[in-house]
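# Structural characterization, general
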Amino acid sequence: MTTTQERPASGPGEGARPGNPAAGDKDRPIGYGRIQRKEDPRFIRGKGRYVDDIVLPGMLHGAILRAPVAHARLVSIDTSEALAHPKVKAVITGKDLEGLNLAWAPTLSADVQAVLVTDKVRFQGQEVAFVVAEDRYAARDALELIDVEYDILPPVIDARKALDADAPVIRDDLAGRTDNRIFDWEIGDADETEAVFAAADVVVAQDMVYPRVHPAPMETCGAVADFDPIDGGLTLYETTQAPHAHRTLYAMVAGIPEHKIRVVSPDIGGGFGNKVGIYPGYVLAVVGSIVTGKPVKWVEDRSENLMSTSFARDYLMRGEIAATKDGKILAVRTNVLADHGAFNATAQPTKNPAGFFSIFTGSYDLQAAYCKVTGVYTNKAPGGVAYACSFRVTEAVYLVERMVDVLARKLEMDPAELRLKNFIRPEQFPYANKTGWEYDSGNYEPAMRLSMKMAGYEELRREQAEKRERGELMGIGVSFFTETVGAGPRKHFDIVGLGMADGAELRVHPTGKAVVRLSVQSQGQGHETTFAQIVAEELGIPPEDIDVVHGDTDQTPFGLGTYGSRSTPVSGGAVALVARKVRDKAKFIAAAMLETRPEDLEWEKGRWFVKGDPGAGKTMAEIALGAHGTVALPDGIDGNLDAEVTYDPPNLTFPFGAYICVVDVDPGTGRVKVRRFIAVDDCGTRINPMIIEGQVHGGLTDGVGMALMEIIEFDEDGNCLGGSFMDYLIPTAMEVPDWETGFTVTPSPHHPIGAKGIGESATVGSPPAIVNAVVDALAPFGITHMDMPCTPARVWEAMQGRPRPPV
Amino acid sequence: MQIPAPFDYVRASDVDNALALLERHGPESRLVAGGHSLLPMMKLRLARPEWLIDINGLAELDFMVREGNVFRIGALTRHTTLLESPEVARLFPIVTDAEQVIADPVVRNRGTIGGSLCQADPAEDLSTVCDVLRAEAVIRGPAGERVVAMDEFHRGPYETAVGQNELMSELRFPIRPRSSSAYEKVERRVGDWAVAAAGAAVSLAADGTIEESSVGLTAVGLDGTVAGIGDLLGGRRPDEDLFAEAGRIAAAACEPVADQRGGIDYKRHLADELTRRVLRRACARASEEQEG
Ligand SMILES: Cc1cc2nc3c(=O)[nH]c(=O)nc-3n(C[C@H](O)[C@H](O)[C@H](O)COP(=O)(O)OP(=O)(O)OC[C@H]3O[C@@H](n4cnc5c(N)ncnc54)[C@H](O)[C@@H]3O)c2cc1C
């Protein structure tokens, strides 16, 4: 089974700070370590409570009529037959929403998106009308009774043609709009970079496509809206990764006062960024409830999820690397055409239209870097950024890690050696890169060497050479990634004006049990366990005595939610700090109880005691009872053990990892088999290694999916060809090997517990390793690049000397 | 949740009852066996039967039995039953090969051989298997029973010789001495339909030369078996050159269309490559059989 390198192989700062897990799990009965997830008993027993499990008295059901074409003027809608259906309670069209000033809603990227079509259909699957009926079946049946007339327009499908002079203008709703350009964005120094390129011994360039893929969470999106016409209050159960941000937006858009809105995100069956934005369906459920005076449930089906909700990637990139002839990388330059679909609805920080793509400088010490990204509209579903990508770090890492391999081939150097030669050295941290990031910490070489040791790298290369002699195709792919996650400092990052901070509230009950309330929301990441462990580590209360509350805006402090691997970097910091605040307060109360001065007390896990007199002390439970009891409290200390904080992180965190993939390719059919995959991750302090491994396993599986099979394709008319799991393939256990995971520990110097986030590392780092392995396997055919997905047909075409882009 | 159009449902109590129900409810009624082809189409509203006649209770259609040189398989036999049968594996390894790559365990536990054949999807693996093994289909209708050969059974994509008021009750497979068979499929992912697949059956003469042979292709636009292969191989010793020649014939015989699974040239290449592979394996197995 899985080989786990149990001991950190390296780790500057290892053991240097309190709370470092390096002492090993077994020695630490409280706090960090490999404990089972607190949420699993309910999930394993089928007792999770998801949006679709919610049933309210008198609840009605909604269904959305979607556009069958990609680009068309709406001529007319006749809803009379649908309204005559005995079970139908309401049919809502764009015109009705215009009356309520709700036909268009702001996106998370300073654009607007139609809730229901008023003027023009802009992608296949777009929302055209909403039926509310007594049951789901009737709502679905009534969709067929709506008569819509469309005037078909030529669509823009190929992003490369979106800026052509004769391209139809998709967003003629926007005043003054004469083309399909959304933005041009650049970063780095173009002139400096050009100078380095001009003087370099070696320059390589490669066009590559990161195809449009879909997060495809197991649970599709949905909502139950319950508007109370008497008190004007709205309770909205939603599949959302960001309940607080949603509530604020609903207040701003719908005009319902924020204190009257409660957003509840119950158990969520996977998000991967798919559940960050606000979808028309959520708004329609709310409108449906307001119109009918009854709760309204809307849950989309699989095809709706795949065809209309946030996709990911869709970056057409050109990469260039300048290097010396002995393999010192000097500069990286890239030019990107970004397909954003019909509305610019990417979920990312306001000042970062290309997300964090500017981390494309990778793990290397460069003299110069420059990038330009052009975003365009096409007649495809909107969204983007989603899918475990850390705000486009995925695309950035793919670009640079593919380019480094292209360079290695050009220089006839081993790709692992080339990377080792160019890493940012440990003493250079904190490292200011050429696009404005300050990498907080890193120690790359030990991670790379550990992955090579686990893989038996030399031996693999020998085996490959022998196999090549016999005409067998074996490939070894390396990738080394650095992410930038945990957005982020409020001075730099906001989403629609909301700073990207997170709150935490901690209450220790009189008997010493505790509840911690988070502003982030779990979609399967194990927050109920990890965050209890952070409190446990700081207060010495066992995790099972700590309840973690999340997902309900009435129950939790404000914060921006879970995506971009930000929960541990941001909320984890908040939780550690709130626990320390409680611990500090406990010191004063303990001093009062022990009739001594606070400065005479010393902390050991779970207990304050008198220095030099370990017998004289008070446990957290005793202190909690004291706080709520009759002990005379010092001035300024209230009678409780509660605290709250909002954590504004000083910087982002920079997890990294070294991945090695081994593939075998069937020369007769082009079939790729991932034989082995070695993943060494460094996410700083490791809270629960089992949960970390789970995140890594899931991300690696995603990576296999993207590298080998996943793509949302469109035909020339704009028909989505990936609208079901028959056409949009996601990997199964059969396509993945037993993962071999290892780790190093380089704690973040600025994070309260040194943790960096792990949620997306493997999704980010694995696709280039797999593609590099496939391209390596195909080296005998003279292939230096092929685009994802590496399906049998596409690999075979590459073997014939004609690799082609997927779009 | 994907929601089909409204329909009514009735369980048949035996074959005669099923036929009577088909008669009563007419052209808008459909039999449902495993439901793994019909229900997905209904959920996408590509099929909208008004009545579903459930034949899952008909134990008389769920059997496997050898009678002399004929192996009879009831129409309601599940994929899993075929996959797990040692007798099937011994007599017709092509069936076991194919069943290993048909869908996934969830589908195989319910899906039936009758449903597969009657669905007649151009990518249906068992259709090729039955062609290659020269099976016969037994069809029952108001007028009684008739037995049809595969070339008569298939009427093109999604069409068969089974009339609206009829059902398929069983398939009959001839058992030949010194024979064996093999199947191989290329798919983009486990559980996916074939990009292309090939099946072969061979019988060897006592001297080790090929006596009879047939090759079928899946999902590449070929009806029935590849013409000319039996003649080419007949009387010759199995070897790589021969397989290569057969592969070329198969590639020329098919008419694939380009889709998301692959282009025409790739599929044609697979017809060639997979034909060689299945012939190689079938011959190897048959000669083991002979020695064993
Ligand atoms: C995810 C998925 C993947 C799949 N992958 C593959 C694959 O790789 N290869 C492959 O070959 N198949 C594949 N299939 C299809 C699968 O094998 C089906 O089970 C099979 O095609 C139909 O069998 P069924 O019993 O489910 O038929 P049903 O769906 O019940 O019926 C199919 C049709 O046959 C008719 N019918 C059924 N039984 C009879 C009968 N006795 N007489 C007359 N008419 C009858 C029905 O009326 C209906 O029209 C896949 C299916 C799914 C859902």
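Residues numbered from 1 in each chain as written. Chains lettered and ligands numbered in written order. Predicted model: local features only at pLDDT ≥ 70, side-chain atom pairs only at ≥ 80, totals over all residues. Heavy atoms only, no water.

For chain B, an unreviewed UniProt entry supplies the name Xanthine dehydrogenase family protein subunit M and the organism Arthrobacter sulfonylureivorans.

Per an unreviewed UniProt entry, the recorded name for chain A is Carbon-monoxide dehydrogenase large subunit, and the organism is Arthrobacter sulfonylureivorans.

### Describing the pattern of salt bridges
Applied cut-off: Counted as salt bridges are all cases of a side-chain nitrogen of Lys or Arg within 4 Å of a carboxyl oxygen of Asp or Glu. Strands are runs of DSSP state E lasting at least two residues, helices are runs of H or I lasting at least four, and both sets are numbered from the N terminus onward.
Per the stated rule, a full pass over the model turns up 82 salt bridges over all chains. Between Glu-445 of chain A and Arg-449 of chain A there is a salt bridge, with the nearest N and O atoms lying 3.0 Å from each other. Taken together, the residues Glu-445 of chain A and Arg-449 of chain A, both in helix H11 (residues 444–455) and four residues apart, mark about one turn of the helix. In this structure, Arg-134 of chain B engages Glu-212 of chain B in a salt bridge whose closest nitrogen and oxygen atoms are separated by 4.0 Å. With Arg-134 of chain B in the loop between helix H8 (125–132) and strand E6 (136–141) and Glu-212 of chain B in strand E11 (residues 210–218), this pair connects stretches of sequence that are 78 residues apart. Look at the salt bridges and you will find they share partners, linking Asp-666 and Arg-671 of chain A together with Asp-97, Glu-184, Asp-272, Glu-273, Arg-276, Arg-277, Arg-281 and Arg-285 of chain B into a network.

### So, the sheet that holds strand E10 (residues 202–213) of chain A
Residues and elements named next belong to chain A. Rules: For two strands to pair, DSSP has to find at least two bridges joining them. Interaxial angles span 0 to 180 degrees and are taken between N-to-C directions of axes, which are lines fitted to C-alpha atoms, for helices over the stretch in contact.
Pairing is mixed across the open sheet formed by five strands, whose spatial order is E9-E17-E16-E15-E10. Each edge of the open sheet carries a strand with a single partner, namely strand E9 (181–188) and E10. Between one strand and the next, the sheet's axes are offset by a mean angle of 10 degrees, whatever the strand orientation.

### What to know about the UniProt feature "domain: Aldehyde oxidase/xanthine dehydrogenase a/b hammerhead" (unreviewed entry) in chain A
Just so we agree on the cut-off: UniProt positions are given in the numbering used here, feature names are shortened, and annotations may be inferred rather than shown by experiment.
In the numbering used here, UniProt assigns the feature "domain: Aldehyde oxidase/xanthine dehydrogenase a/b hammerhead" (unreviewed entry) to residues 45–154 of chain A. Structurally, residues 45–154 of chain A comprises 17% helix and 37% strand, and the distance from its first C-alpha atom to its last is 51 Å.

### Some points on the packing of aromatic side chains
All names here are of chain A. Spelled out, the test is: Here a Phe, Tyr or Trp ring, Trp counted by its six-membered ring, pairs with any other such ring whose centre lies within 6.5 Å, and the pair is stacked when the planes are under 30 degrees apart, edge-to-face when over 60, and tilted otherwise. Buried residues are those whose accessible area, probed at 1.4 Å on protein chains only, stays under 20% of the maximum for their type, while exposed residues exceed 50% and partly exposed ones sit between those limits. Cation placement over rings: the criterion is NZ of Lys or CZ of Arg within 6 Å of the ring centroid and within 35° of the ring normal.
Evaluated as defined, the whole model comprises 30 aromatic pairs over all chains. For the ring pair Phe-356 and Trp-437, a centre distance of 5.1 Å and an interplane angle of 70 degrees mean the geometry is edge-to-face. With Phe-356 in the loop between strand E16 (329–339) and strand E17 (368–376) and Trp-437 in the loop between strand E18 (431–432) and strand E19 (438–439), the pair connects residues that are 81 residues apart, well separated along the chain. Both residues of the pair, Phe-356 and Trp-437, count as buried. Over the ring of Phe-43 we find Arg-42; its NZ or CZ atom is 4.7 Å from the centre of that ring. In this arrangement the basic side chain of Arg-566 is found over the ring face of Tyr-563, its NZ or CZ atom lying 5.6 Å from the centre.

### Description of helix H10 (residues 415–422) of chain A
Residue and element names in this part refer to chain A. How we decide: Should any heavy atoms of two residues lie within 4.5 Å, those residues are counted as being in contact. A 3.5 Å cut-off defines polar contacts: any pair of N or O atoms within that distance qualifies, except that in protein one atom must be a possible hydrogen donor and the other a possible acceptor, and neighbouring residues in sequence count only when both atoms are side-chain atoms.
The buried fraction of H10 amounts to six of the eight residues, a majority that puts the element mostly inside the structure. Buried within H10 are the following residues: Pro-415, Ala-416, Leu-418, Arg-419, Leu-420 and Asn-422. Close packing links the buried residues of H10 with E16, helix H9 (393–411), H11, helix H12 (457–469), strand E20 (473–482) and helix H17 (761–777). Backbone nitrogen of Ala-416 and a side-chain oxygen of the N-cap are separated by 2.8 Å at the start of H10; the cap is Asp-414.

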